[in-house]
Structures are given as structure tokens and as C-alpha cells.
Amino acid sequence: MDLFQNKLSALQTKNRLRSLSMARGLDLSSNDYLGLTDHQTIKAAAIEAIKNGVGLGAGGSRLLRGNAPEHMALEEFAAQHYGFEKALYFANGFAANYALLTTLPSRHDVVLFDSLVHASMRDALYTPNIKSEKIAHNDVSAFEAALKKHRPDSQKIFIAVEALYSMDGDFAPLKELYALALEYDAVLIVDEAHSSGVFGAHGKGLADSLPRENLIILHTCGKALGIAGGIVCASADIIDYLINAARPFIYSTAPPPLQAYLTQKAIELSASSEGDLAREKLMALCKIAHSKLGGFGSHILPVILGDDKKAMDAAEALQELGYDIRAVRPPTVPENTARLRLSLNAKLTQAELGNIIKAVLPFAEKEKTAA
Ligand code: PMP
């Protein structure tokens, strides 16, 4: 027990201790970008589905008795909606990313990953026998140099990126990376966790306009879509191979059929004219926030304060004012880049955003003068 007490004290001393707290105040920290987590249409669909006998628990893994019509329907719908041969639904995005990068690369292959990709990708790459190389963030020439270096003695090369980075809110150079993938016969894996539902035609994501060859896309379903899960979209061969070899898929209870059903409803809603309106509203908020607080024009705005304690104190002060703004510290972000992570959602009004900006600006400006 002492060992863990000591570890916790060490975290406390470094201002790195984490603890659970309830949501309170105006939401500026969730990933519920379209406000779908408590949407009436989805709630009504849930009640109706339960009345109609849609299963709550799957009761087993997909390959045994846990496969339900709702899983199959969602996957068929998602493949068509996102324009791929096939899709596969996981209980969450973490499992989906982890499955992709522990299953597809063999020891003859290499994974080139952006230095800021999510822990679910990074953790997969610690698996023995998977060769990988970290590439400087969004550095297209560094990706090209690595492709050149690895092409002669690699069977397959995977490039792993996020379409929109979760802690910085900046965009990956997807077109350039896709062109490189084609040139060097690599497979581009795009995690659309924070762009799905928000960007692209009808919220289909930032990689929606790319051709489908040499491309795998992950849409997570617990952020803008407001439910939970991760949908991998790819060629039929890749999906069939995941079904046969991905351990997080094979050896895990299938997600609740109700979850799959509601995820489909949420994709349909997000792609509807109501979804288009929510996106328009969100983009108007992004424009205002970008002009006052900087960032990259997306709905995720980092206010980098550097020091962990400074970020924690700023978050606490803003929470006192009624804003649910959270500090993000290392190891979630690189050392000395502790920050406030503001995320905007379509339910905020422009007047509310004006007040939030007024409250946050002093912290951002103090940092600028100190720098
Ligand atoms: N990818 C990225 C970029 C993420 O930010 C997250 C969640 N924070 C995930 C994957 C994992 O998705 P989920 O929350 O559905 O497990």
C-alpha cells in the first residue's frame, strides 16, 4: 500500500495528482460538440428501442452469441455513409485504435506516427515486434524522409495521424500525407475522433474528400456523436482481417446493441439539416473565438500556460466564475505545455462566448507578457 501512497504523494508534489470531479458550470470542456448527449430525438429513440426489445447487454463477444442485428445494421449503414467497403464497430475509440495498430502491422512493417497522436495509438505501438517511428508533428517532409528510408525494407508502411489534434485543435495536412501514402504505397490511418460530426460534408469528417484506396478512417462515436464507440472504416479485406485477428474485438463482450442502435441514430441526426445548422452555429463560434483567443480556428482552443500549477489555478479561478474549463497537464500534453483546453459546442450562445472570452483573456495575456 505504501508504494502507491508514495506514488500518489509524488504526483501531488508535482501538481500532477488527478481526481474525479462532477461536471459543474457552463460546458467548455466536454467533447459533446453538437450537443447530442442529451438530445430529445435520441432519448426518444432509446425509449422506443427498449420498448421494441433492442438488447441492453450483448451477452457475449461478437464472434459468439453477442452479435446483434443492431451491430450489423450500424456497420452496413456506416460503410455506406462514409463511403467504404466495410466498417467495424468497437465499444470505444480507444479499443478501435488499439486494435488497428496491434493487429495490422506485422514484424516486416513499420508505423510512422505523428508525435501528437492519442495514447490509444501510442500504447498499441509498445507491443513487441511492432516497428514504429515517431515523426515531428505535422511535418510532411519528415514523413517523406521516413517513408524513403523505410520503403526498401518494409513490406507495409502505415502512417498514423489524427485529422484534428485533440489537445491543440490544429489540423493534419491530410491531402499531402495521402499523396505521400500513394507515392510510397503506404496506408494512411486517420483518427477522426475530434473532427467526425464537426467537419466535412454533413459531418463526415476531414478525410471524407480523399479517395478510399490506401486509407483507413476511425470515427469515434462518443464525442460529437454523443453516444460511445469507435467505427473503423476500411476495405473489406482489412475489416475481415480485424474480425479474425484483432484481440480487443475477438476477446471482448460486444458493445450493447442499444449503444449501436443509438450510434446509428446519432450519425443520421448529425448528417441531417439539423446537424448542418448545429455545425454552422459552431463554426460561427469558432470564428469569434479564433479572432480573440488565437488557436487554429477549430472548436478546440488551447490556452498554453506552461506551468502545471498555473494551469490548475487558472482553471479553478474560471470554474469559480461558473465556467467548466479544465486544465490539461503532462503526460497528456508535452512537458511545460500545461494548458487550459477550451472546447466549444453548438449549444453555446455568442453572448456566452463573449463573456467566456472576457474571462479567459487575462490568463492568456498574462502569459504573453511573461513570455
Ligand atoms: N482518439 C483520440 C484522438 C481521442 O481524443 C480519444 C479520446 N479522448 C480516442 C481516440 C478514444 O476514443 P474513446 O473516448 O471513444 O475511447
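Before going into details, it helps to say that this report is about the structure given with it. In this convention, every chain numbers its residues from 1, walking through the sequence in written order. The predicted nature of this model means local features are confined to residues of pLDDT at least 70 and side-chain atom pairs, given and counted, to a pLDDT of 80 or more, with totals for whole chains, interfaces and linings taken over all residues. As a rule here, side-chain values come from all non-hydrogen atoms in the structure, and water together with hydrogens is ignored.

**Some words on the pairing of strand β2 (residues 86-90)**
Next up, step 1: Partly exposed describes any residue whose relative accessible area lies between the buried limit of under 20% and the exposed limit of over 50%, with all areas from a 1.4 Å probe on protein chains only and scaled to the type maximum. A run of DSSP states H or I qualifies as a helix once it reaches four residues; a run of E qualifies as a strand once it reaches two. Both are numbered from the N-terminal end. With 4 of 5 residues buried, β2 is to be regarded as a mostly interior element.
Next up, step 2: For β2 and strand β8 (residues 230-234), the ladder comprises 5 bridges, and the chain directions are antiparallel. Looking at β8, one finds that Lys-86 is bridged to Ala-234. Any two strands between which DSSP finds at least two bridges are classified as paired.

**Some details on the environment of Phe-363**
Next up, step 1: Here Phe-363 lies in helix α13 (residues 350-370).
Next up, step 2: Each C-alpha atom, one on Phe-363 and one on Ser-106, is 47 Å from the other, the two residues being 257 residues apart in sequence.
Next up, step 3: Setting aside its immediate chain neighbours within four residues, Phe-363 contacts Leu-305, Ala-314, Ala-317 and Leu-318. Here, two residues are considered to be in contact whenever any of their heavy atoms come within 4.5 Å of each other.

**With respect to the site of the ligand**
Next up, step 1: Throughout, the term near means that a residue has one or more heavy atoms lying within 4 Å of the molecule or strand in question. As a structural note, the neighbourhood of the ligand is formed by 14 residues, with Gly-93, Phe-94, Asp-191, His-194 and Lys-223 the closest of them.
Next up, step 2: A distance of 3.4 Å separates a nitrogen atom of the ligand from a polar atom in the side chain of His-118.
Next up, step 3: Here the ligand loses 80% of its free accessible area of 390 Å² to cover by the protein chains.
Next up, step 4: Put simply, Ala, Val, Leu, Ile, Met, Phe, Trp, Tyr, Cys and Pro go in the nonpolar bin, Asp, Glu, Lys and Arg in the charged bin, and everything else, Gly too, in the polar bin. Its residues placed into classes, the shell around the ligand shows 2 nonpolar, 9 polar and 3 charged. In the analysis that follows, any N or O atom pair within 3.5 Å is treated as a polar contact, provided that within protein one partner can donate a hydrogen and the other can accept it, and provided that, for residues neighboring in sequence, both atoms belong to side chains. Each accessible area is a Shrake-Rupley estimate made with a 1.4 Å probe; only the visible protein chains count as cover when residues are assessed.

**A look at the layout of surface pockets**
Next up, step 1: With a 1 Å grid spanning the protein atoms alone, the term cavity applies to any set of points in which a 1.4 Å probe fits but cannot get out, the term pocket to an open set with protein on both sides within 12 Å along at least five of seven lines, and the term lining residue to any residue with an atom within 4 Å of a point. Grid points are joined across faces, edges and corners, and a volume is the space filled by probe spheres set on the points. For the second largest pocket, the calculated volume is near 260 Å³.
Next up, step 2: Lining the second largest pocket are 14 residues, with Met-72, Glu-75, Lys-86, Ala-87 and Ile-243 positioned closest to its centre.
Next up, step 3: Taken together, the elements giving at least two residues each to the lining of the second largest pocket come down to α3 (69-82), β2 and α8 (236-245).
Next up, step 4: No other element matches the 4 residues that α3 contributes to the lining of the second largest pocket.
Next up, step 5: Broken down by class, the residue content of the lining of the second largest pocket amounts to 8 nonpolar, no polar and 6 charged.

**Some points on the side chain of Ser-343**
Next up, step 1: Counting through the fold element by element, Ser-343 comes out in strand β12 (residues 338-343).
Next up, step 2: Its relative accessible area of 1% is what places Ser-343 among the buried residues.
Next up, step 3: Polar side-chain contacts of Ser-343 include one of 2.6 Å to the backbone oxygen of Ser-30.
Next up, step 4: Setting aside residues no more than four positions away along its own chain, Ser-343 makes contact with Asp-27, Leu-28, Ser-29, Ser-30, Tyr-33 and His-299.

**Thoughts on the sheet that holds strand β5 (residues 157-162)**
Next up, step 1: The strand order across the open sheet built from 7 strands is β2-β8-β7-β6-β5-β3-β4, with neighbouring strands paired in mixed fashion. In the strand order of this sheet, the two ends are held by β2 and β4 (131-135), each with one partner. Strand-to-strand, the axes of this sheet are offset by a mean angle of 20 degrees, without reference to chain direction.
Next up, step 2: Direction of pairing for strand β3 (residues 110-114) relative to β5: parallel, over a ladder of 4 bridges. All axes are obtained by fitting lines to C-alpha atoms, using only the stretch in contact for helices, and the reported angles, taken between N-to-C directions, cover 0 to 180 degrees.

As far as function goes, none of this settles anything; it's purely spatial.
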